[in-house]
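Remarks on the overall topology
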Amino acid sequence: MGMQVKHLTGLRNLDAAAINRVLDTAEEMRSVVSSGGAKLLSDKLLATFFYEPSTRTRMSFEAAMHRLGGGVISMADAQTTSSVQKGETLKDTIKTIDKYADVIALRHPDAGAAQEAADVSAVPVLNAGDGTNEHPTQALLDFFTIREEFGSLDGLTVTLCGDLKHTRATNSIALGLGNYDVKLQLVSPPELRITDPIKEAIEAKGRATLSEFDDVRDAVPKSNVLYVTRIQKERLAQPEDYDRYKGSYIVDREVVDLAEETMLVMHHLPRVGELSEDVDDYPGARYFQQPFNGVLVRMALLALYLDRA
Amino acid sequence: MGMQVKHLTGLRNLDAAAINRVLDTAEEMRSVVSSGGAKLLSDKLLATFFYEPSTRTRMSFEAAMHRLGGGVISMADAQTTSSVQKGETLKDTIKTIDKYADVIALRHPDAGAAQEAADVSAVPVLNAGDGTNEHPTQALLDFFTIREEFGSLDGLTVTLCGDLKHTRATNSIALGLGNYDVKLQLVSPPELRITDPIKEAIEAKGRATLSEFDDVRDAVPKSNVLYVTRIQKERLAQPEDYDRYKGSYIVDREVVDLAEETMLVMHHLPRVGELSEDVDDYPGARYFQQPFNGVLVRMALLALYLDRA
Amino acid sequence: MGMQVKHLTGLRNLDAAAINRVLDTAEEMRSVVSSGGAKLLSDKLLATFFYEPSTRTRMSFEAAMHRLGGGVISMADAQTTSSVQKGETLKDTIKTIDKYADVIALRHPDAGAAQEAADVSAVPVLNAGDGTNEHPTQALLDFFTIREEFGSLDGLTVTLCGDLKHTRATNSIALGLGNYDVKLQLVSPPELRITDPIKEAIEAKGRATLSEFDDVRDAVPKSNVLYVTRIQKERLAQPEDYDRYKGSYIVDREVVDLAEETMLVMHHLPRVGELSEDVDDYPGARYFQQPFNGVLVRMALLALYLDRA
């Protein structure tokens, strides 16, 4: 039995039962990978259609499909090598691709693009990142990584640090954690706070608590998980503030060592300075484990949305 | 038994028997797709080598190969990511690729490139569009779409509308239809008429009749098929004529409703204004069915040219 | 049993036994290809990660993997479509990719990049060209081509002609041949001589002899193999010298006919003028055979480094 909704456009409308279902299925995928893959999807085709650069997400989706025996048709650079160049609308493109493949992983620079695609697609659309809106498969693999360590998401203190206004991954993480008994600590420069619609959606679910911080050092001591993301200098109203902010949002070993108990340090990568290499051998560092978990979670999603899990 | 000629460079030299053979084989592929694919080409490799942007044609060829169990090696953007950048000739490139793959689907900006490649290739070359010359696989999938509706190509009135001077797909459609008892109506601005060599090739076959129109409204009433393609503003001698032409060559629901009987409305896509979205729910609209048929036809071509059908 | 070292970063540290092992395994792959491929690596995934344009090397690696039943995830244009654009280090990228695939073929513009990747990768890294350093898989397929003709590399006179200072393929060829009883003749403009570290590495192995020439005509008569590579005009200190050099380093039929016995004429392609098309039907010309051999050799390398040969 697959997922009750046909497309994965975001975590906004996914409940804990659906999320747990994905994570449980991903756990089952571990033995599939270690035993050399399966033929579960050997008659299926995935189209990866990416309008923005990607290393991790596209290759991870494709690896997941291969591990399940499926085929892949890939558009790595739709902005320059596809009909987009000729001025085609997203809807027309999707109504074409859905004739070629059984499932579509879509990345697009516009918030809401995944929903727009889902509205017209005859096959499941899995949102691989749409503008500043959501990046649900990233959040799900992060939840898998956390649950792998703590057994559950409930009861944890999770800190998100960085540009929470523009980062789609942290939107999805926050929305997903809204289903659990989680203390969510949000650390960002005042002008890069998570947006109100996200806060409201979390509060509407009535489970997680939210608090906001200006300095990561204040949030770290009680954290079970510290999730780091980039501060994008060019998005600051006063770029010259960057150097001042730097001290408050850059995570190095000294910051990490402020945690009272060993916490998980996570990052969706790539990192460009906001997470020091001296954290790499911290016992809680998981950012090079996350990519492996991403394959398991995307295997689960492909199987579930193709109704084979 | 495969095709009698080794390469598919265009429809200029294909007769009705060969075309019907492709369409019959494509029909057989329908059950292959619905039963989850076949292993017919599981020991074969397709190279897609594209010197120009493409969504549909490349992904469709690759989907077709996967549905038959074959492998694909892909060069989506040869102009920038291949040895072309280093100044290699097409012939040298083909004499390399034909050592890697069992069949090559080639798109190239130069008219005649497919023939040039076929002249040196040790494996079948399937023309996926060469400059303003031909786009035979597009035409074959269009014929499949028409035959699916009417049972036969003979006896139909088919209208091609748009820039018939520069559009390779309409060249191939016209050349292919030249083998059948078809009334071919050509609608274009006077400066964008289909070229004389195409007309002469059709007349030499002695079956189809040709007539030319300035206004699509005059051609629609008797049409069984209306095939729309872009007017490319930048190719007009007097770009300011575009607005005047617009009324005569843009197809919207009002134009379509002039047909005496429900006609098929087709387009090879992408569309950028010349075919209104208000035609999408016209009962004869087939342009989002064509991509599915494209997979069937390309499956047939791969099987036939690899001598497995 | 696989290779004793985990990665293939170059031929500098490979001995004759290891090289012969690759060539013997490649010979076995001939029957695999002619019998339609094998399932030897059907549970394995290759990642091709290319930061520089490539036709031959990437497609050849991918064809090799397909012929052995394996899957491929591909990054053809990492410079523009991957996280490199966002400023990620090579090490971080590799520590991600090695979670997706079982083996990585890497091309990178920086000399030493393959070693840098190997230092952190959990899976084998096969160097597909790193800057001006090495291109070991090219050299191995060239050795296969030579051995196919002469039965052995020992006892031969091999001439390398062109820009020996900047060409990574000739570096690897020279370093590999250093393990054999070979007379190595090096023909280049004085300012484009092979570098001292390469010479010293060859001399340290104590088997091959080196001699240098200014004019290819002086080296051809005794050659068993003439290996041609480009003179890159833009790398000359005095570009105006190019026309003078041209006569001494451009290989045409007249030059080839100076050989006392039919010699092999080889080139790693693409060629852009330094090797005339009038050599194509010379009986010793092998540059369009090399690509086929490249598939066999890369099949061997994939099987060996994945411990399946």
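Everything numeric in this text was worked out from a predicted model, so none of it was measured. (Residues numbered from 1 in each chain as written. Chains lettered and ligands numbered in written order. Predicted model: local features only at pLDDT ≥ 70, side-chain atom pairs only at ≥ 80, totals over all residues.)

In this section: the overall build of chain A. If you tally the helices and strands in chain A, you get twelve helices and nine strands. The C-alpha radius of gyration computed for chain A amounts to 19 Å, which stays within 12% of the reference 19 Å derived for 309 residues, consistent with globular compactness. Each principal axis of the C-alpha atoms in chain A carries an extent, and together these give about 50 × 45 × 35 Å. Counting all 309 residues of chain A, 57% fall into the buried class. Long-range contacts, defined as pairs at least 24 residues apart, comprise 76% of the intrachain contacts of chain A with a sequence gap of at least 6. (Helix = DSSP H or I, 4+ residues; strand = E, 2+ residues; numbered from the N terminus. Rg over C-alpha atoms; globule rule 2.2 N^0.38 Å. Buried ≥ 20, exposed ≤ 12 C-beta atoms within 10 Å, placed from the backbone. Contact = placed C-beta atoms within 7 Å.)

So, about the relation of the copies chain A and chain B. Superposition of chain A onto chain B requires a rotation of 120° combined with a translation of 0.0 Å along the rotation axis, giving an RMSD of 0.0 Å. With respect to symmetry, the two chain copies, as superposed, fit the operation of a three-fold axis. Of the interface residues in chain A, just 4% have counterparts in chain B that sit at the interface too, so the contact is made through distinct surfaces. (Least-squares fit on C-alpha atoms with pLDDT ≥ 70 in both.)

What follows concerns the relation of the copies chain A and chain C. Overlaying chain A on chain C yields an RMSD of 0.0 Å, the required transformation being a rotation through 120° with an accompanying axial translation of 0.0 Å. Comparing interface residues between copies, only 5% of those in chain A also lie at the interface in chain C; the contact surfaces differ.

Moving on, we get to the interface of chain A and chain C. With 20 residues of chain A at the contact, the number on the chain C side is 23 residues. Broken down by secondary-structure element, the contributors of at least two residues to the side of chain A that touches chain C are helix H2 (56-67) and helix H12 (290-305) of chain A. Ranked by the residues each element gives to the side of chain A that touches chain C, the list is headed by H2 of chain A, at six residues. When its residues are assigned to classes, the side of chain A that touches chain C shows eleven nonpolar, five polar and four charged. (Nonpolar A, V, L, I, M, F, W, Y, C, P; charged D, E, K, R; others polar.)

Attention now moves to the domain arrangement of chain A. Residues and elements named next belong to chain A. Examined at the domain level, chain A breaks down into domain 1 (16-134 + 291-305) and domain 2 (136-290). Counting from both sides, the interface comprises 22 residues of domain 1 and, opposite them, 19 residues of domain 2. Elements supplying a minimum of two residues to the side of domain 1 that touches domain 2: helix H1 (16-34), strand E4 (125-130) and H12. With eight residues, the single largest contributor to the side of domain 1 that touches domain 2 is H12. Looking at the side of domain 1 that touches domain 2, its residues break down into twelve nonpolar, seven polar and three charged. (Domains from an automatic or database assignment.)

Looking now at the interface of chain A and chain B. With 23 residues of chain A at the contact, the number on the chain B side is 20 residues. Counting residues per element, the ones that place at least two in the side of chain A that touches chain B are strand E1 (45-50), strand E2 (71-75), helix H3 (78-81) and helix H4 (90-97) of chain A. Per-element accounting of the side of chain A that touches chain B gives the leading share, five residues, to H4 of chain A. Here the residues of the side of chain A that touches chain B are counted per class, giving seven nonpolar, nine polar and seven charged.

Residues and elements named next belong to chain C. Reading across from one edge, E7-E6-E5-E8-E9 is the order of the five strands in this open sheet, with parallel pairing throughout. Edge strands, defined here as strands with exactly one partner in the open sheet, are strand E7 (209-213) and strand E9 (264-267). Across the sheet, the mean angle separating the axes of adjacent strands is 20° when strand polarity is ignored. With five bridges connecting them, strand E6 (residues 183-187) and E7 associate as parallel partners. Following the sheet pairing, Val187 is matched in E7 by Phe213. Docked against the sheet, helix H7 (residues 168-177) engages strand E5 (157-161), E6 and strand E8 (225-228), running at close to 160° with respect to E5. (Pairing = 2+ DSSP bridges. Axes fitted to C-alpha atoms, helices over the stretch in contact; angles between N-to-C directions.)

Residue and element names in this part refer to chain C. The N-to-C vectors of helix H1 (residues 16-34) and helix H6 (residues 136-150) enclose an angle of 70°; their axes lie 10 Å apart at closest approach. As summarised for this structure, H1 and H6 are arranged roughly perpendicular, according to the angle between their axes. The two elements H1 and H6 cross, and the hand of that crossing is right-handed. The segment H1 lies against H6, with Ile19, Val22, Leu23 and Ala26 engaging Leu140, Phe143, Phe144 and Arg147. (Parallel < 35°, antiparallel > 145°, perpendicular 65-115°, else oblique. Left-handed = near helix turned anticlockwise from the far one by under 90°.)

Before going further, it helps to examine unusual backbone geometry. For the peptide bond that leads from Leu269 of chain A to Pro270 of chain A, omega is -5°, which places it in the cis range. The phi torsion at Leu269 of chain A lies on the positive side, around 55°, for a residue other than glycine. On the basis of neighbour counts, which here come to 24 C-beta atoms within 10 Å, the residue Leu269 of chain A falls in the buried class. Look at Asp307 of chain C: it is not a glycine, yet its phi comes out positive at around 65°. Of note, Asp307 of chain C is situated in the segment after helix H12 (290-305). Look at Asp307 of chain C and you get exposed, because 11 C-beta atoms sit within 10 Å.

Here we take up the environment of Lys39 of chain A. Residue and element names in this part refer to chain A. Within the fold, Lys39 resides in the loop between H1 and E1. By C-beta crowding, Lys39 is classed as exposed, having 10 other C-beta atoms within 10 Å. Separated by 32 residues in sequence, Lys39 and His7 place their C-alpha atoms 23 Å apart.

On to H12 of chain A. Residues and elements named next belong to chain A. For H12, built from 16 residues, the straight-helix expectation of 22 Å at 1.5 Å per residue is met to within 8% by its first-to-last C-alpha distance of 22 Å. For H12, a buried count of 15 out of 16 residues is recorded, marking the element as mostly surrounded by other parts of the structure. Count one or two residues on from H12 and you reach Asp307, which has phi positive near 65°. (Expected span 1.5 Å × (residues − 1).)

Looking now at the environment of Val103 of chain B. Residue and element names in this part refer to chain B. Considering the arrangement of structural elements, one finds Val103 in strand E3 (residues 103-108). Sequence separation of Val103 and Ala78 is 25 residues, and the distance between their C-alpha atoms is 17 Å. In this structure, Val103 is in contact with Leu46, Val123, Pro124, Leu126, Leu302, Tyr305 and Leu306, ignoring residues within four places of it in sequence.

Attention now goes to the sheet that holds strand E5 (residues 157-161) of chain A. Residues and elements named next belong to chain A. Strands sit in the order E7-E6-E5-E8-E9 across an open sheet of five strands; the sheet is parallel. Of all the strands in the sheet, just strand E7 (209-213) and strand E9 (264-267) have a single pairing partner and so form its edges. Going from strand to strand, the sheet's axes swing by 20° on average, the running direction of each strand aside. Two strands pair when backbone bridges link them, and E5 and strand E8 (residues 225-228) are joined in this way by four bridges, in the parallel orientation. Directly across from Thr159, in E8, lies its bridge partner Leu226.

Let's shift gears to H2 of chain A. Residue and element names in this part refer to chain A. Here H2 spans 16 Å end to end across twelve residues, near enough to the 16 Å set by a 1.5 Å rise per residue. The buried fraction of H2 amounts to twelve of the twelve residues, a majority that puts the element mostly inside the structure. Those residues of H2 that sit buried are Arg56, Thr57, Arg58, Met59, Ser60, Phe61, Glu62, Ala63, Ala64, Met65, His66 and Arg67. Backbone geometry just downstream of H2 places Gly69 in the positive-phi region, at approximately 85°.

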